[in-house]
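Structure assessment
The chain contents come next:
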Amino acid sequence: MSVRWKLALSYAAFLMAAGTLLLAVVWVFLLRYVPNTAIATTSTFVPNRSDLLRAFLPPTLIALIALLVGGVLGGWLLAGRMLSPLTRITEATRVAGTGVLSHRIQMDDRKDEFGELADAFDGMLAKLELHVSEQQRFAANASHEL
C-alpha cells in the first residue's frame, strides 16, 4: 500500500473516531437522560428514548458513512498535496541515475523537511558533479601526457 493511501486512510480513521466520539457524547449527555417509559404529560405526544433512537440512528449512520467517504476522499487529496514534492525529488534522482549530474531540484520555496531533503540532495549532486569533473580532467591530463 502506498504512503498516500496510508495517509488517506489514517485521516479517514481519525475523522471517523472524532465523529463517533461526538455521537457518543450526544448519547451520553442527551439521550441517556430521556426515560424509556411513556412520559405522562398534557400534550398528545412526548417522545421517549426508543422514539428518539429510531429518529436518531438512521441519520447518524448516514452521517458516519458520509464522514468515511469524505475522509477517504479528502485524505487522498490532502496526502497527494503533501507528498507532491516527493515527485520532484524522485524525478531528480532518476535524472541523476542516468548520469546527468547538473540537474537540481531547487525547492527554495519550501522550508520544511522536503525542502531540507531537496537541499541535501542538491548539495550531494554538486559535490558529485565536482568530483566527476575533476576525475575527467585528471584522466584527460594523464592521457595527454602519455
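As a starting point, this report considers the structure included with it. (Residues numbered from 1 in each chain as written. Predicted model: local features only at pLDDT ≥ 70, side-chain atom pairs only at ≥ 80, totals over all residues. Heavy atoms only, no water.)

Remarks on the overall build of the chain
Secondary structure summary: the chain contains 3 helices and 0 strands in total. Helices and strands in the chain line up, N terminus first, as α-α-α. By the compact-globule yardstick of 15 Å for 146 residues, the chain is too spread out, its C-alpha radius of gyration being 30 Å. Its C-alpha atoms give the chain principal-axis dimensions of about 115 × 20 × 20 Å. Taking all contacts inside the chain whose residues are at least 6 apart in sequence as the whole, residues at least 24 apart take part in 57%. Put simply, the chain shows about 10,700 Å² of open surface, and 68% of that area lies on carbon and sulfur atoms. Charge separation in the chain, taken as the distance between the mean sites of 13 positive and 12 negative side-chain charges, equals 14 Å. (Helix = DSSP H or I, 4+ residues; strand = E, 2+ residues; numbered from the N terminus. Rg over C-alpha atoms; globule rule 2.2 N^0.38 Å. Contact = heavy atoms within 4.5 Å. Areas by Shrake-Rupley, 256 points an atom, 1.4 Å probe, with all protein chains shown as cover. Lys, Arg positive; Asp, Glu negative; His and termini not counted. Charge placed at Lys NZ, Arg CZ, Asp CG, Glu CD.)

With respect to the pattern of salt bridges
Inspection of every chain in the model, using the stated rule, returns 2 salt bridges. Residue Asp51 is joined to Arg54 by a salt bridge in which the shortest nitrogen-to-oxygen separation is 2.4 Å. Placement of both Asp51 and Arg54 in helix 2 (residues 49–97) is noted, with a separation of 3 residues, approximately one turn of the helix. Its relative accessible area of 56% is what places Arg54 among the exposed residues. (Salt bridge = Lys/Arg side-chain N within 4 Å of Asp/Glu carboxyl O. Buried < 20%, exposed > 50% of the residue type's maximum accessible area, 1.4 Å probe, protein only.)

Focus: the packing of helix 2 against helix 3 (residues 113–145)
Packing of helix 2 against helix 3 leaves a shortest axis separation of 10 Å and a crossing angle of 10 degrees. With respect to their mutual orientation, helix 2 and helix 3 come out roughly parallel. Residue-level inspection shows Met82, Leu83, Pro85, Leu86, Ile89, Ala92, Thr93 and Ala96 of helix 2 in contact with helix 3, the latter providing Phe114, Leu117, Ala118, Phe121 and Leu125. Counted by class, the contact of helix 2 with helix 3 contains 12 nonpolar, 1 polar and no charged residues. (Axes fitted to C-alpha atoms, helices over the stretch in contact; angles between N-to-C directions. Parallel < 35°, antiparallel > 145°, perpendicular 65-115°, else oblique. Nonpolar A, V, L, I, M, F, W, Y, C, P; charged D, E, K, R; others polar.)

Here we look at the packing of aromatic side chains
Taken as a whole and assessed by the stated rule, the structure comprises 1 aromatic pair. Directly above the ring of Trp76 sits Arg4, whose terminal nitrogen or CZ lies 3.9 Å from the centroid. (Phe/Tyr/Trp six-rings, centres within 6.5 Å; stacked < 30°, edge-to-face > 60°. Lys NZ or Arg CZ within 6 Å of the ring centre and 35° of its normal.)

Describing the environment of Arg88
Positionally, Arg88 belongs in helix 2. Once the C-alpha coordinates of Arg88 and Met107 are considered, the two residues, 19 residues apart in sequence, prove to be 9.0 Å apart. Discounting residues that sit within four places of it in the chain, Arg88 has contacts with Ile105, Gln106 and Met107.

Topic: helix 3
Side chains of residues three or four places apart in an α-helix project in the same direction, reflecting 3.6 residues per turn. The first and last C-alpha atoms of helix 3 sit 48 Å apart over 33 residues, in line with the 48 Å expected at 1.5 Å per residue. The set of residues buried in helix 3 consists of Phe114, Gly115, Ala118, Phe121, Asp122 and Leu125. Check the buried side of helix 3 and you find it contacts helix 2. Looking at where helix 3 begins, the residue whose side-chain oxygen comes 3.3 Å from the main-chain nitrogen of Phe114 is Asp112. (Expected span 1.5 Å × (residues − 1). Polar contact = N/O pair within 3.5 Å; in protein donor to acceptor, adjacent residues only side chain to side chain.)

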